[in-house]
Amino acid sequence: MRTVALAFLTLLAFAAGPLRAEDAKPFATAKTIDLLAFLKPPPINESAQTKAELGEVLTLQVTRSPEMEASAQADAVEDVWRFATIMGPAFRAEQLPVFSAFFDRIVATEGAVVDPAKDSWKRPRPHQLSPLVKPVVKISNSGAYPSGHTTVGTLMGIVLSNMVPEKRAEIMARAWAYGENRIVGGIHFRADIEAGRIAGSVIAARIMEQPEFRSEYDAARTELRKVLGL
């Protein structure tokens, strides 16, 4: 009877299929972390600050190297594996299933918290304000402020550096570059990036207080450090 029950449960698991990253449950939403309460509104379109930020985007557009463009394009992906150059060859999803599922939830948390703020402020992207801007990354017409990529890069960097404090400086430098590449790519303004760094820091601090987060964090950290030989 027990064998039949186990077989039935196995069949159900295969029928349901693996959990996709986009289906991951966030640790927080805009209802629990309201970024409108933490961030100041973005600069208005006609402000001197926005004009200066547009100038930065246009300057980078004519000075960025092919290597800078390639880096910006590679960082358009929102996942923790962008830190692989720092973490080493063992840092791969197939070797880290618990860690991978945990960071899927981290990425989902960014979207759940940031997207409503974007929709509220509706700051235009650089290419929406000026036809002179030619992004080299995938076009997005969602609100620019705060930068979701920068938020998740900062959030991932903080959590990952807590797991591997031996590499904290390198991890956080990589997280910083993740945000800078959104300006290099021509898809964000400077204020979007700065707000994203604040948002990522706030989200990290808040979710780290949750028992559910701590439990999954501990399991992911243990797996990661074992795989990395730390």
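About the criteria used
- Residues numbered from 1 in each chain as written.
- Predicted model: local features only at pLDDT ≥ 70, side-chain atom pairs only at ≥ 80, totals over all residues.
- Heavy atoms only, no water.
- Helix = DSSP H or I, 4+ residues; strand = E, 2+ residues; numbered from the N terminus.
- Buried < 20%, exposed > 50% of the residue type's maximum accessible area, 1.4 Å probe, protein only.
- Contact = heavy atoms within 4.5 Å.
- Areas by Shrake-Rupley, 256 points an atom, 1.4 Å probe, with all protein chains shown as cover.
- Polar contact = N/O pair within 3.5 Å; in protein donor to acceptor, adjacent residues only side chain to side chain.
- Phe/Tyr/Trp six-rings, centres within 6.5 Å; stacked < 30°, edge-to-face > 60°.
- Core = buried A, V, L, I, M, F, W, Y, C linked by side-chain atoms within 4.5 Å.
- Salt bridge = Lys/Arg side-chain N within 4 Å of Asp/Glu carboxyl O.
- pLDDT = per-residue confidence, 0-100.
- Expected span 1.5 Å × (residues − 1).

Describing the overall build of the chain
When helices and strands are counted, the chain shows 10 helices and 0 strands. Along the chain, helices and strands appear, N-terminal first, in the series α-α-α-α-α-α-α-α-α-α. Projected onto the principal axes, the alpha-carbon positions of the chain cover approximately 75 × 35 × 30 Å. For the chain, the residues scored as buried account for 44% of the 230 residues in total. Looking at the chain alone, contacts between residues at least 24 apart form 81% of all its contacts between residues at least 6 apart. In the structure as shown, the chain presents an accessible area of about 11600 Å², 62% of it carried by carbon and sulfur atoms.

Side note on the side chain of Arg225
With respect to the element layout, Arg225 can be found in helix 10 (residues 211-227). Accessibility expressed as a relative area gives 14% for Arg225, which makes it buried. A polar contact of 2.6 Å, which involves the side chain of Arg225, links it to the side chain of Glu166. If we ignore the near neighbours within four places in the chain, the residues touching Arg225 are Met163, Val164, Pro165, Glu166 and Leu230.

As for the packing of aromatic side chains
For the coordinates displayed, the defined rule picks out 11 aromatic pairs. Residues Phe99 and Phe103 carry aromatic rings whose centres are separated by 4.6 Å and whose planes lie at 40° to one another, so their mutual orientation is tilted. You can see Phe99 and its partner Phe103 sitting in helix 5 (residues 97-121), 4 residues apart, about one turn around the helix. On the basis of relative accessibility, which here comes to 0%, the residue Phe99 falls in the buried class.

Considering the nonpolar core
Within the largest apolar cluster, 44 residues are counted, with the highest numbers of intra-cluster contacts made by Phe99, Phe102, Phe103, Ile106 and Met163. With 9 residues, the top contributor of residues to this core is helix 5.

With respect to the pattern of salt bridges
Per the stated rule, a full pass over the model turns up 13 salt bridges. In this structure, Arg64 engages Glu69 in a salt bridge whose closest nitrogen and oxygen atoms are separated by 3.2 Å. Looking at Glu69, the relative accessible area reads 24%, which means it is partly exposed. The structure contains a network of salt bridges with shared partners spanning Glu56, Glu180, Arg190 and Arg197.

Here we look at the confidence of the model for the chain
Looking at the chain as a whole, its pLDDT mean stands at 91, while 90% of the residues score no less than 70. Overall, residues 1-19 carries pLDDT values under 50, and its contacts beyond four positions in sequence, including any with other chains, amount to 0 contacts.

Quick word on unusual backbone geometry
In this chain, Tyr145 is followed by Pro146 through a cis amide linkage whose omega measures -5°. For Pro146, the position within the fold is in the loop between helix 6 (126-129) and helix 7 (148-163).

Concerning helix 7
For helix 7, with 16 residues, the first-to-last C-alpha span of 22 Å sits near the 22 Å given by 1.5 Å per residue. Of all the 16 residues making up helix 7, 15 are buried; the element is thus mostly covered by neighbouring parts of the structure.

Here's the deal with the side chain of Ser47
Within the fold, Ser47 resides in the loop between helix 1 (2-16) and helix 2 (48-63). Separated by 2.8 Å, the side chain of Ser47 and the backbone oxygen of Ile44 make a polar contact.

A few points about the environment of His127
Examined against the element boundaries, His127 turns out to sit in helix 6. For His127, a relative accessible area of 19% translates into the label buried. Not counting the four nearest positions on each side in its chain, His127 is found in contact with Val133, Pro135, Ile139, Ser140, Asn141 and Ile187. Reaching out from His127, the side chain makes a polar contact with the side chain of Asn141 at a distance of 3.1 Å.

Re the environment of Leu54
Locating Leu54 in the fold gives a position in helix 2. Residue Leu54 is classed as buried on the basis of its relative accessible area of 18%. Considered as a pair, Leu54 and Leu132 are 78 residues apart in the sequence and their alpha carbons are 9.9 Å apart. Leaving out residues up to four positions away in the same chain, Leu54 has contacts with Pro126, Ser130, Val133 and Phe189.

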